[in-house]
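Inside the fold
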Amino acid sequence: HLESKGVSVWLREKDVALDVAQKLASNLKQDYNVIMTRSDDTFVPLGKRAEIGNDANADLFISIHLNAASSTSANGSEVFYFSKKESAYAAEVAKFENSVDKGYADVPLSDFIINDIFYRVNQQKSAMLATDILDNIVNEFGLRKRGVFGANFAVLRGSNSPSILVEIGFISNSGDMSYFGNDYYKRVVAKSIAEGVRKHFY
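The text that follows walks through the structure, step by step, so that each part is easy to find.

Conventions adopted
- Residues numbered from 1 in each chain as written.
- Predicted model: local features only at pLDDT ≥ 70, side-chain atom pairs only at ≥ 80, totals over all residues.
- Heavy atoms only, no water.
- Buried < 20%, exposed > 50% of the residue type's maximum accessible area, 1.4 Å probe, protein only.
- Helix = DSSP H or I, 4+ residues; strand = E, 2+ residues; numbered from the N terminus.
- Pairing = 2+ DSSP bridges.
- Phe/Tyr/Trp six-rings, centres within 6.5 Å; stacked < 30°, edge-to-face > 60°.
- Lys NZ or Arg CZ within 6 Å of the ring centre and 35° of its normal.
- 1 Å grid on protein atoms, 1.4 Å probe; cavity = no way out; pocket = protein on both sides within 12 Å on 5 of 7 lines; lining within 4 Å.
- Points joined across faces, edges and corners; volume = space filled by probe spheres on them.
- Nonpolar A, V, L, I, M, F, W, Y, C, P; charged D, E, K, R; others polar.
- Axes fitted to C-alpha atoms, helices over the stretch in contact; angles between N-to-C directions.
- Parallel < 35°, antiparallel > 145°, perpendicular 65-115°, else oblique.
- Left-handed = near helix turned anticlockwise from the far one by under 90°.
- Contact = heavy atoms within 4.5 Å.
- Salt bridge = Lys/Arg side-chain N within 4 Å of Asp/Glu carboxyl O.

To continue, consider the pairing of strand β6 (residues 163-170). Most of β6 sits inside the fold, with 8 of its 8 residues counted as buried. With 4 bridges connecting them, strand β4 (residues 77-82) and β6 associate as antiparallel partners. When the bridges of β6 are listed, Y81 appears paired with I164.

Rendered as structure tokens:
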């Protein structure tokens with residue numbers, strides 16, 4: 001919720017995230033073949049999102065989100081990569097994000113065949129990319145740097161490629177949204193993510 005010149009504007013996470021994702025796709029299309037899991041306000045099941053990438057033999061999977069908290073003081077950016085092991089904090093964030101798709105989020109990890117060597121290589125690549133992208137975002141905006149975490153995100157779990165989930169900021173924080181409610185800054189954050197991709201995928 002933003003107030004500007006006496007006008008109230010309510011922002012929805014899915015709208016801001018889609019807008020940033022579209023700007024990111026537009027940026028990356030200059031150098032890469034980009035496949036969107038959704039291009040409009042259509043819900044795509046978490047498992048289907050990874051499947052779309054796998055069917056296209058994608059080299060990288062990126063999921064864009066905004067976090068939320070009961071306290072409006074929670075703020076900043078963070079980036080996650082898939083990990084079988086996770087901290088208590090990462091588990092809470094994953095639980096929140098996984099809750100959008102009850103049919104998939106609770107599938108036991110043991111139901112996924114994950115080759116350990118393949119998993120470790122993807123995890124290492126994802127963690128390095130996540131670190132660079134978070135640094136880019138924080139350097140551009142001066143937002144709080146919350147960190148890079150490994151977590152069992154359902155949307156990342158089924159991906160055969162390196163994969164990350166970017167929480168660009170908190171939808172519940174007016175300071176963060178003063179940036180991400182603005183079209184210019186949404187292009188800047190998309191560029192920050194794209195620069196990280198170009199550093200690792202060339």
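After presenting the structure, the write-up continues.
Glancing now at the packing of aromatic side chains. One pair of aromatic rings is described through two measures. These are the centre distance and the angle between the planes. By the definition in use, this model includes 10 aromatic pairs. Ring centres 5.4 Å apart and planes at 65 degrees place the aromatic pair F141 and F180 in the edge-to-face group. On the criterion of sequence distance, the pair formed by F141 in helix α5 (residues 116-141) and F180 in helix α7 (residues 174-180) is long-range, its members being 39 residues apart. Above the plane of the ring of Y119 lies K84, whose end atom (NZ or CZ) is 4.4 Å from the centre.

Let us look at the layout of surface pockets. Roughly 1,100 Å³ of internal volume is contained in the largest pocket. Contributing to the lining of the largest pocket are 40 residues, with I35, T37, F61, I62 and S63 lying nearest its centre. At the level of elements, α1 (13-28), α2 (46-55), β3 (61-67) and α3 (88-98) are the ones that each hand at least two residues to the lining of the largest pocket. Top contributing element to the lining of the largest pocket by residue count: α1, with 8 residues. Tallied by class, the residues present in the lining of the largest pocket amount to 26 nonpolar, 7 polar and 7 charged.

With that out of the way, let us pick up the packing of α1 against helix α8 (residues 183-200). One can describe the packing of α1 onto α8 by two numbers: an axis separation of 8 Å at closest approach and a directional angle of 50 degrees. Between α1 and α8, the interaxial angle falls into the category oblique. In this structure, α1 meets α8 at a crossing whose hand is right-handed. Here V16, D19, V20, K23, L24, N27 and L28 of α1 come into contact with α8, specifically with D183, K186, R187, V189, A190, K191, I193, A194, V197 and R198. Residue composition of the contact of α1 with α8, grouped by class: 9 nonpolar, 1 polar and 7 charged.

The subject of this paragraph is the pattern of salt bridges. A side chain of one charge can pair with a side chain of the opposite charge when the charged atoms of the two come close. For the structure shown, the criterion picks out 12 salt bridges. The partner of D183 in a salt bridge is R187, and the shortest N-O contact between them spans 2.5 Å. Pair noted here: D183 and R187 are both in helix α8, with a separation of 4 residues, about one helical turn. Residue classification places D183 among the partly exposed positions, given a relative accessible area of 38%. Residue classification places R187 among the partly exposed positions, given a relative accessible area of 44%. Each of D19, K23, D183, K186 and R187 takes part in a single network of salt bridges with overlapping partners.

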